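# Structural overview
Listed below, chain by chain, are the residues.
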Amino acid sequence: MSTYRIAPSILSADFTRLGEEVVSVVQAGADMIHIDVMDNHYVPNLTFGPLVCKALRPLTALPLDVHLMATPVDDLIKNFAREGANIISFHPEATDHVDRTIQLIQDFGCQAGLVLNPSTPVNHLDWTLEKIDMVLVMSVNPGFGGQQFLEGTLDKVKLVREMIRKSGREVALQVDGGINVENIRSVASAGGDTFVAGSAIFGANSYSQIIGEMRER
């Protein structure tokens, strides 16, 4: 993909004014809204449910990008798809049947993404890359916002980018965790094209300025 996309993660937004925060980052130039779903089971945190997706859907025409850090995932997929999600990503460790879960997401009219944790081997893509729309490489261990970027994951981004190139398919390569203006260029150089940023955006004084700086770099 030749187009870079910035995906603010609402995990770092002000929850007391979540709708306003989403409208603000949309107006500031975001390309999609990233929704981190944690279940206090697969990861040690508890965040958003499908009703949050439903509440945000009328506020923007941008894609709602749902990252499921939860198990089991299939029922959640159905509920988030019904409430307006456009992209749904899941971890291969969180389902018994990865291929079936990919098909379920697409049957509900959503794009399907597979998530690779820092220690998850890329060979999960050997049998799934021809089916999915996006690979999400985690550059932190999932479960909490505000973590520091793990430099070693750049090698994984490079490896996944090469796998996508060899496949000949248009598959997005999203990177999530510790993305900021200081490292976004190196992540893009490694092959990332879609960048999830939480605290780097929602912690800034000007959303439009920080998103503009990220896109420029």
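Scroll up to find the structure.
Residues numbered from 1 in each chain as written. Predicted model: local features only at pLDDT ≥ 70, side-chain atom pairs only at ≥ 80, totals over all residues. Heavy atoms only, no water.

Two quantities define a packed helix pair, namely the angle between the axes and the distance from one axis to the other. Running from amino to carboxyl end, helix H3 (residues 74-82) crosses helix H4 (residues 98-107) at an angle of 15 degrees, the nearest separation of the two axes being 10 Å. In terms of their interaxial angle, H3 and H4 are classed as roughly parallel. Of the two elements, H3 crosses H4, and the hand of that crossing is right-handed. On H4, the residues that touch Asp 74, Ile 77 and Lys 78 of H3 are Thr 101, Leu 104 and Ile 105. Looking at the contact of H3 with H4, its residues break down into 3 nonpolar, 1 polar and 2 charged. (Axes fitted to C-alpha atoms, helices over the stretch in contact; angles between N-to-C directions. Helix = DSSP H or I, 4+ residues; strand = E, 2+ residues; numbered from the N terminus. Parallel < 35°, antiparallel > 145°, perpendicular 65-115°, else oblique. Left-handed = near helix turned anticlockwise from the far one by under 90°. Contact = heavy atoms within 4.5 Å. Nonpolar A, V, L, I, M, F, W, Y, C, P; charged D, E, K, R; others polar.)

Moving on to the sheet that holds strand E4 (residues 87-90). Pairing is parallel across the open sheet formed by 8 strands, whose spatial order is E1-E8-E7-E6-E5-E4-E3-E2. Two strands close off the open sheet at either side, each with one partner strand: strand E1 (5-8) and strand E2 (33-38). Between one strand axis and the next, the sheet turns by 25 degrees as a mean value, whatever way the strands run. Pairing geometry for strand E3 (residues 64-69) and E4, over 4 bridges, is parallel. Within the sheet, the bridge partner assigned to His 67 lies in E4 and is Ser 89. Sheet contacts for helix H5 (residues 153-167): strand E5 (111-116), strand E6 (134-138) and strand E7 (172-176); angle to E7, the most-contacted strand, approximately 170 degrees. (Pairing = 2+ DSSP bridges.)

Take the nonpolar core next. The biggest cluster of nonpolar side chains holds 65 residues, and the ones touching the most others in it are Ile 10, Ile 35, Ile 88, Leu 125, Val 135, Val 160 and Ile 201. Looking at this core element by element, the count peaks at 5 residues for H5. In this structure, Ile 201 is in contact with Ile 6, Pro 8, Val 25, Tyr 207, Ile 210, Ile 211 and Met 214, ignoring residues within four places of it in sequence. (Core = buried A, V, L, I, M, F, W, Y, C linked by side-chain atoms within 4.5 Å. Buried < 20%, exposed > 50% of the residue type's maximum accessible area, 1.4 Å probe, protein only.)

Under the defined criterion, the tally for this structure stands at 8 salt bridges. Measuring nitrogen to oxygen at the nearest pair gives 3.2 Å for the salt bridge that ties Glu 21 to Arg 17. When salt bridges that share partners are traced, they join Arg 17, Glu 20 and Glu 21 into one network. (Salt bridge = Lys/Arg side-chain N within 4 Å of Asp/Glu carboxyl O.)

Looking now at unusual backbone geometry. Looking along the chain, the bond that leaves Thr 71 and enters Pro 72 is cis, with omega of -5 degrees. Residue position: Pro 72 is located in the loop between E3 and H3. Of note, Asn 40 is a non-glycine position whose phi angle comes to about 60 degrees, a positive value. Examined against the element boundaries, Asn 40 turns out to sit in the loop between E2 and helix H2 (50-56).

Two aromatic rings are characterised by how far apart their centres lie and by the angle between their planes. Scanning the model with the defined rule gives 3 aromatic pairs in all. A centroid spacing of 5.8 Å and a plane angle of 45 degrees characterise the contact between Tyr 4 and Phe 195, whose relative ring orientation is tilted. With a gap of 191 residues between them, Tyr 4 in the segment before E1 and Phe 195 in strand E8 (residues 194-197) connect regions that are remote in the sequence. The buried category is assigned to Phe 195, whose relative accessible area is 2%. (Phe/Tyr/Trp six-rings, centres within 6.5 Å; stacked < 30°, edge-to-face > 60°.)

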